[in-house]
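# An overview of the molecular structure
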Amino acid sequence: MSDIKVDGFKASDIFVDLHTAFGGFTDAQRKAQVQKTKGIFELRITNDDKKEAVWTIDLKKNGAILKGLASPKADVTLIMSDDTFSQLAAGKMDGQKAFLTGKLKAKGNVMLATKLAAVLQMAKEKAKL
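A short tour of the structure in this document, coming up. Since the model is a prediction, treat every value here as computed from it, not as a measurement. (Residues numbered from 1 in each chain as written. Predicted model: local features only at pLDDT ≥ 70, side-chain atom pairs only at ≥ 80, totals over all residues. Heavy atoms only, no water.)

### Thoughts on the side chain of Thr56
Position of Thr56 among the secondary structure elements: in strand E2 (residues 52–59). Among the residues examined, Thr56 registers a relative accessible area of 2% and is labelled buried. Among the polar contacts listed, one links the side chain of Thr56 to the backbone oxygen of Gly68, at a separation of 2.8 Å. If we ignore the near neighbours within four places in the chain, the residues touching Thr56 are Ile40, Phe41, Glu42, Ala64, Ile65, Leu66, Gly68, Leu69 and Ala70. (Helix = DSSP H or I, 4+ residues; strand = E, 2+ residues; numbered from the N terminus. Buried < 20%, exposed > 50% of the residue type's maximum accessible area, 1.4 Å probe, protein only. Polar contact = N/O pair within 3.5 Å; in protein donor to acceptor, adjacent residues only side chain to side chain. Contact = heavy atoms within 4.5 Å.)

In structure tokens form, the structure reads like this:
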């Protein structure tokens, strides 16, 4: 858990929860999620102090949440503020609206970015169980 957490970021707690949820998956559940998503997300989150933290959601190979740059290269890199990510994860903001209003920037496979909401929702549901 401590290798995922970054102090000063609300997003950090969300990634810890995602990491815990993914850790609770059976191998079959993890493989199903990888098969459904088939991509690596790199999320670059900037907090109120203008510091940046990077997390990777690997749903291409092993179904893991990692702190740091994607390796291999991410299929899509998403750049946003800590507040924007927190709102997206809570379902209070729509990813498409965030993108269209400039609160979310995407580099790479933008269509893959549309799958992030489903990944966050699935992990949120798993964390509640």
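Don't stop here, the text continues.
### A word on unusual backbone geometry
With an omega dihedral of 5 degrees, the bond running from Ser71 to Pro72 counts as a cis peptide bond. Relative to the helices and strands, Pro72 is located in the loop between strand E3 (64–67) and strand E4 (76–81). The phi dihedral of Lys50 is positive, around 65 degrees, even though this residue is not glycine. Looking at the element boundaries, Lys50 is found in the loop between strand E1 (39–46) and E2. In this structure Lys50 comes out as exposed when scored by relative accessible area, which is 70%.

### Some details on the packing of helix H1 (residues 10–23) against helix H3 (residues 82–90)
Relative orientation of the contacting elements H1 and H3 amounts to 40 degrees, with a least axis distance of 8 Å. Taken together, the axis directions place H1 and H3 in an arrangement best described as oblique. The interaxial crossing formed by H1 with H3 has left-handed handedness. Here H1 contributes Lys10, Ala11, Ile14 and Phe15 to the contact with H3, which in turn contributes Asp82, Asp83, Phe85, Ser86 and Ala89. (Axes fitted to C-alpha atoms, helices over the stretch in contact; angles between N-to-C directions. Parallel < 35°, antiparallel > 145°, perpendicular 65-115°, else oblique. Left-handed = near helix turned anticlockwise from the far one by under 90°.)

### What to know about the side chain of Glu42
With respect to the helices and strands, the residue Glu42 is situated in strand E1. Polar side-chain contacts of Glu42 include one of 2.9 Å to the backbone nitrogen of Ala70. Apart from the residues lying within four places of it in its own chain, the contact partners of Glu42 are Val54, Trp55, Thr56, Leu69, Ala70, Ala74, Val76, Thr77 and Leu78.

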